[in-house]
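# Descriptive analysis of the structure
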Amino acid sequence: MNSEENKISRRMVIGGLGAGIATMALAPVVGYSKSTLGQMGILPVEDPRMKYPKPPFKEQKQPWPGLVSKMDPRPDHGETSYKGSGRLVGRKALITGGDSGMGRAAAIAYAREGADVAINYLPAEESDAKEVIDLIKKEGRKAVAIPGDLRNEDFCKQLVEDAVTGLGGLDILVNNAGRQQTRPSITDISSEDFDATMKTNIYAPFWITKAALTHLLPGSVIISTTSVQATDPSADLFDYAQTKAANTSFVRSLAKQLGPKGIRVNGVAPGPIWTALQVSGGATMDKLVNFGGDTPLARPGQPAELASIYVQLAANDASYATGQIYGAAGGGGQP
Ligand code: NAD
Ligand code: MG
């Protein structure tokens, strides 16, 4: 026990505080388990280096778009850990790519903060999506599942209409779905490939946002998932990195258009995060095995570690944040 802690606990005892409170003050230094501390309402200090799995990871490959349920280790999206505190009560959110990764983490967190949530995903991801829908329902919130391919403009328009109908309105739009496929050279990228990345990452947010605007009242928010690739592009992500730069410019330009209408637009720029996108063609096997090892925290991030950023950007108390990109990259890259 250091002298400051000693002083505090002595003062509490001398001051005649109850034994329970005195014990709580001492708890971190007398080695209670994490769950016991949790029951006592104490959040122990967590070392960010030790919190989650580190490389080397097992070699693994899934067909695109990949499933959370087949990843090893399974990513943490906050399924058992995220605790809400009423920050988004009554809000209505549409999240693309809400079945897995950052989208799933945001969906779980939003529901636990009191929001009704619609998620979009590809039909092949139905089993992942069902897990998220069940978790949203468990919070007593409305959960709307809207499968479909965002590369289709008509579907994007329909998605917004179905979300508005299912939720009874819309005030949070999270443009999060993304396509990332590693290619060693520009000459390995076919026009179909390039087109699929552009359609998913640039056209879809454009189509969806345009359709959503007719429903968004002042106080609504738009959040885009961009990337450190926007500012520090990898050689093997030539097409993808361009789309992420576009996502960042989307945020900065649209925030200027929509600020006068009372709608905030912000972005989240993740670094290497352990998600299905990476194991389904997003990364080379070598990068995957060493994933996140070159960051100062020496590990990849987990989607759960970004959930609070999506909540913060959506919440009313972030009312002066617009046109901003919030990063979470383990110390590498800049938003
Ligand atoms: P993820 O695979 O879990 O989520 C991406 C989702 O995009 C998929 O679940 C899928 O539902 C959706 N999607 C892709 N193509 C689609 C299409 N044509 N139609 C409908 N949905 C489609 O992976 P993630 O890493 O959580 O990705 C979420 C966002 O995070 C993406 O925009 C990605 O670019 C971004 N990002 C990821 C990382 C990372 O290291 N994982 C880093 C920076 C940015
Ligand atoms: Mg998925």
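Residues numbered from 1 in each chain as written. Chains lettered and ligands numbered in written order. Predicted model: local features only at pLDDT ≥ 70, side-chain atom pairs only at ≥ 80, totals over all residues. Heavy atoms only, no water.

Tallying secondary structure elements over the protein gives 11 helices and 7 strands in all. For 335 residues, the compact-globule estimate of 2.2 N^0.38 gives 20 Å, and the C-alpha radius of gyration of the protein, at 21 Å, lies within 12% of that figure. Overall, the protein is about 75 × 45 × 35 Å in size when its C-alpha atoms are taken along their principal axes. Taking the contacts inside the protein whose residues are at least 6 apart along the sequence as the reference set, 76% of them involve residues at least 24 apart. Accessible surface, the protein: about 15400 Å² in total, of which carbon and sulfur atoms supply 56%. Between the mean site of the 35 positive side-chain charges and the mean site of the 34 negative ones, the protein shows a separation of 6 Å. (Helix = DSSP H or I, 4+ residues; strand = E, 2+ residues; numbered from the N terminus. Rg over C-alpha atoms; globule rule 2.2 N^0.38 Å. Contact = heavy atoms within 4.5 Å. Areas by Shrake-Rupley, 256 points an atom, 1.4 Å probe, with all protein chains shown as cover. Lys, Arg positive; Asp, Glu negative; His and termini not counted. Charge placed at Lys NZ, Arg CZ, Asp CG, Glu CD.)

This paragraph deals with the coordination of the magnesium ion (ligand 2). On the protein side, the magnesium ion (ligand 2) has Asp99 (OD), Ser100 (OG) and Glu125 (OE) as donor atoms, found 2.1 to 2.2 Å from it. The sequence motif formed by the donor residues of the magnesium ion (ligand 2) is D-S-x24-E. On the accessibility criterion, Asp99 (2% relative accessible area) is buried. Ser100 gets classed as buried once you look at its relative accessible area, which sits at 12%. (Donors = N, O, S within 2.8 Å, 3.2 Å for Na, K, Ca; no water. Buried < 20%, exposed > 50% of the residue type's maximum accessible area, 1.4 Å probe, protein only.)

The immediate surroundings of ligand 1 are formed by 31 residues, with Ser100, Glu125, Asn176, Tyr240 and Thr275 found nearest. Here a nitrogen atom of ligand 1 sits 2.9 Å away from a polar atom, N or O, in the side chain of Asp149. One of the side-chain N or O atoms of Lys244 is found 2.9 Å from an oxygen atom in ligand 1. If ligand 1 stood free it would expose 800 Å²; the protein chains cover 98% of that surface. The set of elements that each furnish at least two residues to the shell around ligand 1 consists of α4 (101-112), β2 (116-121), α8 (238-258) and α9 (276-282). The element best represented in the shell around ligand 1 is α9, accounting for 3 residues. Broken down by class, the residue content of the shell around ligand 1 amounts to 12 nonpolar, 14 polar and 5 charged. (Near = heavy atom within 4 Å. Polar contact = N/O pair within 3.5 Å; in protein donor to acceptor, adjacent residues only side chain to side chain. Nonpolar A, V, L, I, M, F, W, Y, C, P; charged D, E, K, R; others polar.)

Our focus in this paragraph is helix α7 (residues 191-213). Since the α-helix packs 3.6 residues into each turn, any two residues three or four apart lie on the same face. Taking 1.5 Å of rise per residue, 23 residues should cover 33 Å, and α7 covers 31 Å from first to last C-alpha, within 8% of that figure. The axis of α7 is deflected most strongly, by about 40 degrees, at Lys199. (Expected span 1.5 Å × (residues − 1). Bend = angle between axes of the 7 residues up to and from the residue.)

Tallied over the entire structure, the rule returns 3 aromatic pairs. Ring geometry for Trp274 and Phe291: centres 6.2 Å apart, planes at 50 degrees, overall tilted. You can see Trp274 sitting in the loop between β6 (264-270) and α9 and its partner Phe291 sitting in the loop between α10 (285-289) and α11 (307-314), a full 17 residues away along the chain. Phe291 sits in the buried class, given a relative accessible area of 1%. In this structure an aromatic cluster arises from ring pairing among Phe57, Trp274 and Phe291. (Phe/Tyr/Trp six-rings, centres within 6.5 Å; stacked < 30°, edge-to-face > 60°.)

What follows is about the packing of α4 against α11. Interhelical geometry of α4 versus α11 gives an angle of 60 degrees and a closest axis separation of 8 Å. With respect to α11, the element α4 is oriented oblique. With respect to the hand of their crossing, α4 and α11 are arranged in right-handed fashion. Between α4, through Met102, Ala105, Ala106, Ala109 and Tyr110, and α11, the contact on the second element is made entirely by Ala307, Tyr310, Val311 and Ala314. Broken down by class, the residue content of the contact of α4 with α11 amounts to 9 nonpolar, no polar and no charged. (Axes fitted to C-alpha atoms, helices over the stretch in contact; angles between N-to-C directions. Parallel < 35°, antiparallel > 145°, perpendicular 65-115°, else oblique. Left-handed = near helix turned anticlockwise from the far one by under 90°.)

Looking now at the sheet that holds β2. If you trace the 7 strands from one edge of the open sheet to the other, you get β3-β2-β1-β4-β5-β6-β7, paired in parallel fashion. The open sheet terminates on both sides in strands that have one partner only, identified here as β3 (143-147) and β7 (325-328). Averaged over all neighbouring strand pairs, the angle between strand axes comes to 15 degrees, with direction disregarded. Lying on the sheet, α7 is in contact with β1 (92-96), β4 (172-175) and β5 (221-225); it crosses β4 at an angle near 170 degrees. (Pairing = 2+ DSSP bridges.)

A few words now on the side chain of Asp99. Tracing the backbone through its elements, the reader meets Asp99 in the loop between β1 and α4. In this structure, Asp99 is buried with no salt-bridge partner, the nearest side chain bearing the opposite charge being Arg104 at 6.4 Å. The residues touching Asp99, leaving out its near neighbours within four places in the chain, are Arg104, Ile119, Asn120, Tyr121, Glu125, Asp128, Ala129 and Val132. (Salt bridge = Lys/Arg side-chain N within 4 Å of Asp/Glu carboxyl O.)

This part takes up the side chain of Gln229. Relative to the assigned elements, Gln229 resides in the loop between β5 and α8. A distance of 2.7 Å separates a polar atom in the side chain of Gln229 from the backbone nitrogen of Ser234. Ignoring anything within four residues of it in the chain, the contact list for Gln229 reads Ser234, Leu237, Tyr240, Ala241 and Lys244.

Another point: α8. A rise of 1.5 Å per residue sets the reference length of α8, with its 21 residues, at 30 Å; its end C-alpha atoms lie 30 Å apart and thus fit the reference within 8%. All buried positions along α8 are accounted for by Asp239, Tyr240, Ala241, Thr243, Lys244, Asn247, Thr248, Phe250, Val251, Leu254, Ala255 and Leu258.

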